[in-house]
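So you can see what is in the structure, the chains are spelled out below.
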Amino acid sequence: MNGQVPRAPLAELNGVVKRFGNKTALAGVDLAIRPGELVALLGPNGAGKTTAVRLLLGLLRPDAGTALLFSRDPSMPEARQRMGALLQISKVPETLTPREHLRLFASYYPDPLTPAEALAAVGLEDRGDRLFGKLSGGERQRALFALALVGRPDLLVLDEPTVGLDVEARRALWEQTRAQVNAGRSVLLTTHYLEEADALADRVVVIHSGRVVAQGTPQHIKSLAAGRRIRARSRLPIETVKAISGVTSVRRDGEILEILTPRAEGVTAALLAADRDLMDLEITSAGLEEAFLALTRNPVAPAGDPS
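The structure presented is a predicted model; accordingly, all values stated were derived computationally and were not measured.

### Side note on helix α6 (residues 167-182)
- The terminal C-alpha atoms of α6 lie 23 Å apart, and with 16 residues this matches the ideal 22 Å at 1.5 Å per residue to within 8%.
- All buried positions along α6 are accounted for by Ala 169, Arg 170, Leu 173, Trp 174, Gln 176, Thr 177, Gln 180 and Val 181.
- Those residues of α6 that are buried are in contact with β3 (38-42), α4 (115-121), α5 (137-149), β6 (155-159), β7 (186-190) and α7 (194-200).
- Two or three places before Glu 168, at the opening of α6, Asp 166 has a side-chain oxygen 3.3 Å from that residue's backbone nitrogen.
- Downstream of α6 by one or two residues, Gly 184 has phi in the positive range, about 105 degrees.

### Re the sheet that holds strand β11 (residues 249-253)
- With antiparallel pairing, the 4 strands of this open sheet are ordered in space as β11-β12-β10-β13. The open sheet is flanked by β11 and β13 (279-285), the only strands paired with a single partner. Within the sheet, the average angular offset between the axes of one strand and its neighbour, ignoring direction, is 15 degrees.
- Taken together, the 5 bridges between β11 and strand β12 (residues 256-261) define a ladder with antiparallel strand orientation. When the bridges of β12 are listed, Ser 249 appears paired with Leu 260.
- Lying over the sheet, helix α10 (residues 264-274) contacts β10 (228-233), β12 and β13, oriented at roughly 15 degrees with respect to β10.

### Observations concerning the packing of aromatic side chains
- Tallied over the full model, the rule gives 1 aromatic pair.
- Taken together, a centroid distance of 5.8 Å and an interplanar angle of 50 degrees make the contact between Phe 105 and Tyr 108 tilted.
- Here Phe 105 falls in the partly exposed class, since its relative accessible area comes to 24%.
- Against the face of Phe 20 rests Lys 18, its NZ or CZ located 5.6 Å from the ring centre.

### Looking at the environment of Ala 197
- On the secondary structure map, Ala 197 appears in helix α7.
- Residue classification places Ala 197 among the buried residues on the basis of a relative accessible area of 0%.
- Setting aside chain neighbours within four positions, we find Ala 197 in contact with Ala 40, Leu 42, Thr 191, Pro 218 and Leu 288.

### A few points about the nonpolar core
- Ranked by internal contacts, the top residues of the largest apolar core, which has 45 residues, are Phe 145, Val 206 and Ile 221.
- Of the residues forming this core, the biggest block, 7 residues, is contributed by α5.
- In contact with Phe 145, other than residues within four places in its own chain, are Leu 86, Val 122, Leu 156, Leu 158, Leu 173, Gln 176, Thr 177 and Gln 180.
- In terms of nonpolar packing, the next biggest core, distinct from the first, is built from 28 residues, Leu 57, Leu 60, Phe 70 and Met 83 among them.

Here is what the cut-offs are and how they apply
- Residues numbered from 1 in each chain as written.
- Predicted model: local features only at pLDDT ≥ 70, side-chain atom pairs only at ≥ 80, totals over all residues.
- Heavy atoms only, no water.
- Helix = DSSP H or I, 4+ residues; strand = E, 2+ residues; numbered from the N terminus.
- Expected span 1.5 Å × (residues − 1).
- Buried < 20%, exposed > 50% of the residue type's maximum accessible area, 1.4 Å probe, protein only.
- Contact = heavy atoms within 4.5 Å.
- Polar contact = N/O pair within 3.5 Å; in protein donor to acceptor, adjacent residues only side chain to side chain.
- Pairing = 2+ DSSP bridges.
- Axes fitted to C-alpha atoms, helices over the stretch in contact; angles between N-to-C directions.
- Phe/Tyr/Trp six-rings, centres within 6.5 Å; stacked < 30°, edge-to-face > 60°.
- Lys NZ or Arg CZ within 6 Å of the ring centre and 35° of its normal.
- Core = buried A, V, L, I, M, F, W, Y, C linked by side-chain atoms within 4.5 Å.

Quick look at the structure:
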């Protein structure tokens, strides 16, 4: 311990419950975004990610529990002025230019970036005076990112920011997001691209059926659910392999078995004992995608943050 007092989270959900009719979207969710970190919120469709984001932005009210933005009600202007958002569905008039949009958005904040500074931050210096409707898909998303940055926010909320972008545009947005974290901003990122979370996040929160089922660093999430990937050439039936203690999942591609397990040594020994003709054995670390699938197919009890 260094004696420093922990800084309050910039945004948090505490025991939040949110229902829509008979459907419970969130069932007692705790979530906090701390100063200077990028948190990736992962979950399958319908898990409750967008509901969590909308609660933090003050666009919804919880049925139980509390949502706080900078220790305030998220709907208060004093809190919203310190936050920027790029939502999954974001629209602005296509007959204005990015520079004109930025001038308008800047007027909402006490100490905004200039339009030129915001355009430079997202690499759109040469597109500032082109009509928004004439921009490419990647350029539009970068212009919307500039609108999220223009108020000099302490917290950025990016809800599926790279959906529909090609690889080059997606990588460019990654670099711009990293630059914001390096500048001291906090980021809440929701995404379906697991490699995006793996590349960017300091902490990953996995939500499933309205509950947090795991959280920690990307490396922790990988080890928590899947551990190791074993590949080998074998004719063992899949059902035989599934019966081995410690096997999380198994699939076959021709003669190749691919197994996920948190206990690679024991599973490997069992494979070798069951199939003396086993060949081409390879053991590697499992990726975030395998861990995510294991957690959301067979969710564990809500996991605390190992940090």
